Amino acid sequence: MDRLAGVILSFIFFIPVYVVLIWSYFDPEESLLLGRRWVYQEDPEPSPAALRYIKVMSLIGIVGLTCVFIFLFIKFI
């Protein structure tokens, strides 16, 4: 039961990571400039390749993290 509680606690702590990954997938331009907007005088125009890269990496992160938690949940039940 101790290990299952650890998995559930890990899932709770990774909820903000899921939120950021979902936000990055749906709004890649904003997530690309997060924390770096002050560097530019005008809003830069990111390339379509950079936006596509952010979306793909966000999707891979969401799927990968979900697979890890499914594997851990099955292993410790």
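Preceding this section is the structure that the text describes.
The structure contained in this document is the topic of the report that follows. Every value quoted in this text rests on a predicted model; they were computed, and no experiment measured them. (Residues numbered from 1 in each chain as written. Predicted model: local features only at pLDDT ≥ 70, side-chain atom pairs only at ≥ 80, totals over all residues. Heavy atoms only, no water.)

Details of the environment of Gly 64
By the secondary structure assignment, Gly 64 is in helix H4 (residues 48-75). Gly 64 sits in the partly exposed class, given a relative accessible area of 33%. The sequence separation of Gly 64 and Ile 15 amounts to 49 residues, and the corresponding C-alpha distance is 14 Å. (Helix = DSSP H or I, 4+ residues; strand = E, 2+ residues; numbered from the N terminus. Buried < 20%, exposed > 50% of the residue type's maximum accessible area, 1.4 Å probe, protein only.)

Focus: the packing of aromatic side chains
Under the criterion given, the structure shown has four aromatic pairs. The interplanar angle of 85° and the centroid separation of 5.2 Å between the aromatic rings of Tyr 25 and Phe 26 together place this pair among those described as edge-to-face. For Phe 26, a relative accessible area of 65% gives the class exposed. (Phe/Tyr/Trp six-rings, centres within 6.5 Å; stacked < 30°, edge-to-face > 60°.)

With respect to the side chain of Ser 24
Topologically, Ser 24 is positioned in helix H2 (residues 15-26). We classify Ser 24 as buried; its relative accessible area is 10%. With near-sequence residues (within four places) excluded, Ser 24 lies in contact with Ser 31, Ile 54 and Ser 58. (Contact = heavy atoms within 4.5 Å.)

Nothing here speaks to function; it is geometry throughout.
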